[in-house]
Amino acid sequence: MTNAGHRITDAHECSQLNELKMDMCGLNMLAGWTTEGDTIMVEQMPIFGGYCGGIEETAICDVATTLASFALFSGNFHLDGPIHIRWGTTTSKETLQIAAHAAAAIDANTDLLLANQYYPMAGPCTEMCLIETAAQAISDTGSGRELLSGSAAAKGVVQDKTTGMEARIMGEAAKAAAGMKVSDLNEILAKIVPTYEANYTNAPAGKTFQECYDVLSVKPTAEYLQVYDNAVKALRDFGLDIKH
Amino acid sequence: MAATRPLTVCDVYDRFVKGKKVPESEWDYTVIPQNATKLKEKYKLKFGSETIPEDKQTMNNLFCAGLEMLVETGYYCQDLGRVMKVTEEEVWEGIKKTPTKLILGEGRDIARFYPRHGNSPVKPIIQGGPTGSPISEEVFVQVMQSYAQEGIVDDLVNGVFTSIEGKKAKTNTPYEIRATMAELRATKEARVRAGRPGLGV
């Protein structure tokens, strides 16, 4: 099987290190991929509250490392993911703001292809997880990103706690937000984000994939479908017109 | 001065080798925070309450600050402990060399990856998957299938095997490589099961 089944139109991923750092392992992988003409995604997740400091400083580093992905490392698209040093999430107010400002700044000045990744606090089969994911999708879509990648529910650290249903809400929220006025999206976000941030300290752990789906038929449970419907209703009440 | 050409990965390595030696702790705790703060003040950046910026001046100032951060600070190689420099012209040459359109996947299942600009009515590409989260080898195919079968999903991103043939998929061991290869095979099986064998990964 050529390239172990990884096609030239599949993405090879190389991660930068925090902050504005690379190692030889990354450079060596890039040397091979650029020679082969592979599609290359370079990732960097700046840490809000880490070496950069505050919101604006982290956004500055975010722009710098995004540009480095293309100018230094021959990336074809950049995968962002500002992460909150205390919460370990990408869905906090601060990290949404950093990602949105960095994306909008680069989008306004280049044609570069920009992606962002999702690390909500709550686990699958909870309204909080779905609403966190939707909030980030609204923010990423409104700030001009081209690709949304996720979602690593339960902060991406608990075994088997991710499912396709979280990607469904990510996509449906993005589809509903696309083309809306940015001021309207900001108003919606101002309503949504505080509702889940208030629960960060006691976020629901959610369920495993095996509890969320029939593993043989790979169909979500009736319970999860009900949770999904509840989350969609809540998002519609916030002003996001999710269809169907 | 105009750039000679966009930087290659080998150009970057050569500059790291010749770059100034800086202790990593100085880079992390002094160089990065001091330069970021200096540029925040120079460009008068204060985001306020909006999550998504609405004024063009803030966007342009942030872009200039980020570009200056890269050019003035340089970039650090952790293994060599050295800093390389890049000019603004070279950054722009690198941007110009980057494709502005990509195709992910193949056949009828491709996703067209084009610039959107602002809040375009065009939906972003939805790359569904666990994004590196740990997944049991027993359900890996089913987990990936749960994404591939979603109509709103245009492309996939893997989780990671926590074990391979019952052994822990530990970093820097042969099991890590075996697990990575198994992830690729399992993701292909998930795409086929979902009726979308061409989906990109």
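Reading the values: rules and limits
Numbering of residues starts from 1 in every chain and runs along the sequence as written. Whichever chain is written first becomes A and whichever ligand is written first becomes 1, with later ones labelled in order. Restriction of local features to residues with pLDDT of at least 70 applies here, the model being predicted, together with a cutoff of 80 or more for giving and counting side-chain atom pairs; totals for whole chains, interfaces and linings are based on all residues. Secondary structure elements are taken from DSSP: a helix is a run of H or I of four residues or more, a strand is a run of E of two residues or more, and numbering for both begins at the N terminus. C-alpha atoms define the radius of gyration, and 2.2 Å times the number of residues to the power 0.38 defines the globule rule. Here a residue counts as buried when 20 or more other C-beta atoms fall within 10 Å of its C-beta, as exposed when 12 or fewer do, and as partly exposed in between; the C-beta atoms come from the backbone. In this description, a residue-residue contact is defined by the distance between C-beta atoms placed from the backbone, which must lie within 7 Å. The term nonpolar core refers to a set of buried Ala, Val, Leu, Ile, Met, Phe, Trp, Tyr and Cys residues connected through C-beta atoms within 7 Å. Here the term charged refers only to Asp, Glu, Lys and Arg, the term nonpolar to Ala, Val, Leu, Ile, Met, Phe, Trp, Tyr, Cys and Pro, and the term polar to all other amino acids, Gly among them. Pairing between strands requires that DSSP locate at least two bridges from one strand to the other. Domain start and end points were adopted from an automatic or database domain assignment. By this rule, a helix spans an expected 1.5 Å times one less than how many residues it contains. The axes used here are C-alpha line fits, helices contributing only the stretch in contact, and every angle between their N-to-C directions lies in the interval 0 to 180 degrees. Every angle not falling under 35 degrees, over 145, or within 65 to 115 is termed oblique; those three ranges are roughly parallel, roughly antiparallel and roughly perpendicular. Crossing handedness: left-handed means the near helix sits turned counterclockwise from the far one by under a right angle, and right-handed means the same turn made clockwise. Every residue is assigned a pLDDT by the predictor, reflecting its confidence on a scale from 0 to 100. Crossover handedness is defined by viewing with both strands directed away from the observer: a clockwise path from the first strand over the helix to the second marks the crossover as right-handed.

Caption draft 1: Quick peek at the overall build of chain A. Each helix and strand counted, chain A has 8 helices and 10 strands in total. For chain A, whose C-alpha radius of gyration is 18 Å, the value lies close to the compact-globule estimate of 18 Å for 244 residues. In terms of its C-alpha atoms, chain A occupies a principal-axis envelope of roughly 50 × 45 × 35 Å. Within chain A, the fraction of its 244 residues that count as buried is 65%. Sequence separation of at least 24 residues holds for 77% of the intrachain contacts in chain A that already meet a minimum separation of 6.

Caption draft 2: Broad picture of the overall build of chain B. Scanning chain B for helices and strands turns up 6 helices and 11 strands. Here the C-alpha atoms of chain B give a radius of gyration of 22 Å, more than 25% beyond the 17 Å that 2.2 N^0.38 yields for 201 residues. For chain B, the spread of C-alpha atoms along the principal axes amounts to about 55 × 45 × 40 Å. Within chain B, the fraction of its 201 residues that count as buried is 44%. Partitioning the contacts of chain B with sequence separation of at least 6, the portion at a separation of at least 24 is 63%.

Caption draft 3: Representation of the nonpolar core. Ranked by internal contacts, the top residues of the largest apolar core, which has 137 residues, are Ile60, Val63, Ile138 and Ala173 of chain A. With 10 residues, helix H2 (residues 55-71) of chain A is the largest single contributor of residues to this core. The residues touching Ile60 of chain A, leaving out its near neighbours within four places in the chain, are Ala36, Leu39, Lys40, Leu62, Ala65, Gly66 and Met69 of chain B.

Caption draft 4: Just the interface of chain B and chain A, in detail. If you look at the interface, chain B gives 91 residues, while chain A gives 96 residues. Here the side of chain B that touches chain A takes 11 residues from helix H3 (residues 56-73) of chain B, the largest share from any one element. Of the residues assigned to the side of chain B that touches chain A, the class counts are 50 nonpolar, 27 polar and 14 charged. As judged from the 2 bridges shared by strand S2 (residues 21-22) of chain A and strand S2 (residues 75-77) of chain B, these two strands associate in the parallel manner. Residue Met22 of chain A lies in a different strand from S2 of chain B, and its bridge partner there is Cys77 of chain B.

Caption draft 5: A look at the sheet that holds strand S1 (residues 20-21) of chain B. In space, the 4 strands of this open sheet follow the order S2(A)-S2(B)-S3(B)-S1(B), with mixed pairing throughout. Single-partner strands in this sheet number two, and they are S2 of chain A together with S1 of chain B.

Caption draft 6: Looking closely at the environment of Thr34 of chain A. Within the secondary structure layout, Thr34 of chain A lies in helix H1 (residues 24-36). Of the residues examined, Thr34 of chain A has 17 C-beta atoms within 10 Å and is grouped as partly exposed. Along the sequence, Thr34 of chain A and Ile192 of chain A sit 158 residues apart, while their C-alpha atoms lie 42 Å from each other. Apart from residues lying up to four places away in sequence, Thr34 of chain A is in contact with Ser74 of chain A together with Val9 of chain B.

Caption draft 7: The sheet that holds strand S8 (residues 155-156) of chain B, seen in detail. With respect to topology, 7 strands assemble into an open sheet ordered S1(A)-S3(A)-S5(A)-S7(A)-S8(A)-S6(B)-S8(B), the strand pairing being parallel. Looking at strand neighbours, the two that pair on one side only are strand S1 (11-15) of chain A together with S8 of chain B, the edges of this open sheet. With 5 bridges connecting them, S1 of chain A and strand S3 (residues 39-43) of chain A associate as parallel partners. Counted as the bridge partner of Cys14 of chain A is Val42 of chain A from S3 of chain A.

Caption draft 8: Main features of the domain arrangement of chain B. Partitioning chain B into structural domains gives domain 1 (9-97) and domain 2 (103-193). Distance from the C-alpha centre of domain 1 of chain B to the C-alpha centre of domain 2 of chain B: 31 Å.

Caption draft 9: Structural detail: helix H6 (residues 174-193) of chain B. Residue and element names in this part refer to chain B. Taking 1.5 Å of rise per residue, the 20 residues of H6 would be expected to cover 28 Å, and the 29 Å separating its terminal C-alpha atoms lies within 8% of that figure. Listed in full, the buried residues belonging to H6 are Ala179, Glu183, Ala186, Thr187, Lys188, Ala190 and Arg191. Buried residues in H6 make contact with helix H5 (140-148), S8, strand S9 (160-161) and strand S10 (163-164). In the segment just after H6, Gly195 is the residue with positive phi, at about 75°.

Caption draft 10: Here's a closer look at the packing of H5 of chain B against H6 of chain B. All names here are of chain B. Closest axis-to-axis distance for the H5/H6 pair is 8 Å, and the angle between their directions is 45°. Relative to H6, the element H5 is oriented oblique. H5 and H6 meet at a crossing whose hand is right-handed. The residues of H6 that touch H5, namely those facing Phe140, Val141, Met144, Gln145 and Ala148, are Ala186, Thr187, Glu189, Ala190, Arg191 and Arg193. Partitioning the contact of H5 with H6 into residue classes produces 6 nonpolar, 2 polar and 3 charged.

Caption draft 11: Representation of the confidence of the model for chain B. When the pLDDT values of chain B are averaged, the result is 97; 100% of them are 70 or greater. For this predicted complex, the interface score ipTM comes out at 0.97, alongside a pTM of 0.97.

Caption draft 12: Examining the pairing of strand S8 (residues 147-150) of chain A more closely. Alternating residues of S8 of chain A divide into Leu147 and Ser149 of chain A and Leu148 and Gly150 of chain A, and every residue in both groups is buried. In this sheet, S8 of chain A lies alongside strand S7 (residues 114-117) of chain A in parallel orientation, the contact comprising 3 bridges. Looking at the pairing, Gln117 of chain A lines up with Ser149 of chain A of S8 of chain A. Once the chain exits S7 of chain A it traverses helix H4 (residues 127-142) of chain A before rejoining the sheet at S8 of chain A, and the crossover so formed is right-handed. Here S8 of chain A pairs with strand S6 (residues 125-128) of chain B via 4 bridges, running parallel. Opposite Leu147 of chain A, over in S6 of chain B, you have Ile125 of chain B as the bridge partner.

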